[in-house]
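Chains, contacts and geometry: an overview
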Amino acid sequence: MLRQLLDQAPQSDVSEGLLISSVQSAGLTPVAFRPRKLQFARPVLSRRQKLYSLPIIGFIALLIGGAIISAVRSRSSALGALRSAVQRREFVVRYQPIIELQTGRCVGAEALVRWRRYDGSIVPPEEFISLAEASGLIIPITDQVIDLLVAELHDVLVADRNLHISMNLSAQDIQTGRGLDYMQTQIGRAGIRSDQIWFEMTESGSVEIDAARATMMRMRDLGHLVSIDDFGTGYASLHHLHSLPLDALKIDKSFIDMIGHDTAGSKVMPYILDIAAALQLFCVAEGVQTQEQVDYLVERNVAFGQGWLFSKPLTSEGFVAFYKERKARYGPYSRTAIPGWPERKRV
Ligand code: C2E
Ligand code: CA
Ligand code: CA
């Protein structure tokens, strides 16, 4: 029938192989299409039009070329600036207090790097960490963060063995395990104990899982506590998660933001908490900004939290003052309050 229709179709209805034909028969009106390849019409330009279009094409090519050159230049100049920053040791560390949610006690802080440029301006990590990772400069930056936190906080860490500092490690630090060796040397010299340094590792597609597992096992054997950072936003599959030697999950701020809002995302939190419970991991909530969030988290046994409700990231002096003030107000914090502590204590 279709064949017949196609053959009957008048030539005028055939448009470059696509036939649109209709025939009325027995009260029905079938319509037939003959498939054709997708083609772009080629405009036929006159010689004069071609001549006129040449400068336009040249101009566009120049624009594209210029954009590429300037992107390459700005990347290489950004890289040059970052490289000199590493040489001049222009990095500083800020410490954001971590709070035991039920008691309000300060249990430690997360070390957060910043780049303080020669003119005094502060560059946030989000503007240079990915370039540092792509170029390998993250490795000396991690070393500088270790140097700074040991130099700035060793007094208070030696005085209070319950206090800890949490440090962010990049995929390369985890892959090679290099940062761990350097950390061991530096804290060993300063008399800081391994269980006073916790590591935060972001779920990342670029980490080779066996290498990561090996580094994490070494960390835990040495007595450090290990957590997955930004949990829920990365690529760590649950399949891998249960096979990784972990102590804690850091719940990303984006999930904490949804507490109290009736959105699809807010329904994810109970699942995160279930996963943590099933894997016997304790949780640290990131980006806590309201008392309503604290109440929700305490009700669900989330042990720790950090966020602007308690404090923004502080200088080392600011952090020590904050810690002392909390200690005076809420009493000293004991590490035995860490969920499952006796089993987590390995050294
Ligand atoms: P992160 O590990 O998720 O760190 C938490 C970020 O959330 C920090 O941003 C912190 O200042 C911010 N934050 C905490 N509480 C609140 C809050 O209540 N409200 C808001 N709006 N923000 C809050 P920061 O310091 O800009 O760090 C950004 C990211 O840079 C970090 O995210 C981490 O992935 C990376 N980073 C920071 N320091 C280091 C480092 O030493 N090494 C590596 N490899 N990465 C680092
Ligand atoms: Ca972190
Ligand atoms: Ca985060």
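Higher on the page you've got the structure.
Everything numeric in this text was worked out from a predicted model, so none of it was measured. (Residues numbered from 1 in each chain as written. Chains lettered and ligands numbered in written order. Predicted model: local features only at pLDDT ≥ 70, side-chain atom pairs only at ≥ 80, totals over all residues. Heavy atoms only, no water.)

Describing the environment of R344
Along the polypeptide, R344 turns up in helix α13 (residues 341–344). R344 sits 98 residues away from L246 along the chain, and the two C-alpha atoms are 9.8 Å apart. In this structure, R344 is in contact with L246, D247, Q280, L281, F282, I338 and P339, ignoring residues within four places of it in sequence. (Helix = DSSP H or I, 4+ residues; strand = E, 2+ residues; numbered from the N terminus. Contact = heavy atoms within 4.5 Å.)

Observations concerning the coordination of the calcium ion (ligand 2)
Angles between donor atoms at a metal ideally measure 109.5 degrees for a four-coordinate tetrahedral arrangement and either 90 or 180 degrees for a six-coordinate octahedral one. Here the calcium ion (ligand 2) is held by E110 (OE), N168 (OD1), E200 (OE), D229 (OD) and D229 (OD), and the distances to it run 2.1 to 3.2 Å. One way to put it: the 6 donor atoms around the calcium ion (ligand 2) meet at angles of 44 to 176 degrees, and that makes the site irregular. One chain supplies every donor for the calcium ion (ligand 2), spaced along it as E-x57-N-x31-E-x28-D. If you look at the calcium ion (ligand 2) and the calcium ion (ligand 3), they sit 5.8 Å from each other. Placement of N168 in strand β7 (residues 164–169) and of E200 in strand β8 (residues 197–202) is noted, with a sequence separation of 32 residues between them. (Donors = N, O, S within 2.8 Å, 3.2 Å for Na, K, Ca; no water. Tetrahedral: all angles 85-135°; square planar, octahedral: opposite > 155°, others 65-115°.)

Some details on the site of ligand 1
Neighbouring residues of ligand 1: 22 residues in total, closest Q96, R114, E286, Q289 and W308. At 3.0 Å from an oxygen atom of ligand 1 is found a side-chain nitrogen or oxygen belonging to D229. Interatomic distance of 2.9 Å between a backbone N/O atom of W308 and an oxygen atom of ligand 1. The protein chains hide 85% of the 800 Å² of surface that ligand 1 would expose on its own. Looking at which element gives the most residues to the shell around ligand 1, the answer is strand β5 (residues 106–116), with 4 residues. Considering only residue class, the shell around ligand 1 consists of 9 nonpolar, 6 polar and 7 charged. (Near = heavy atom within 4 Å. Polar contact = N/O pair within 3.5 Å; in protein donor to acceptor, adjacent residues only side chain to side chain. Areas by Shrake-Rupley, 256 points an atom, 1.4 Å probe, with all protein chains shown as cover. Nonpolar A, V, L, I, M, F, W, Y, C, P; charged D, E, K, R; others polar.)

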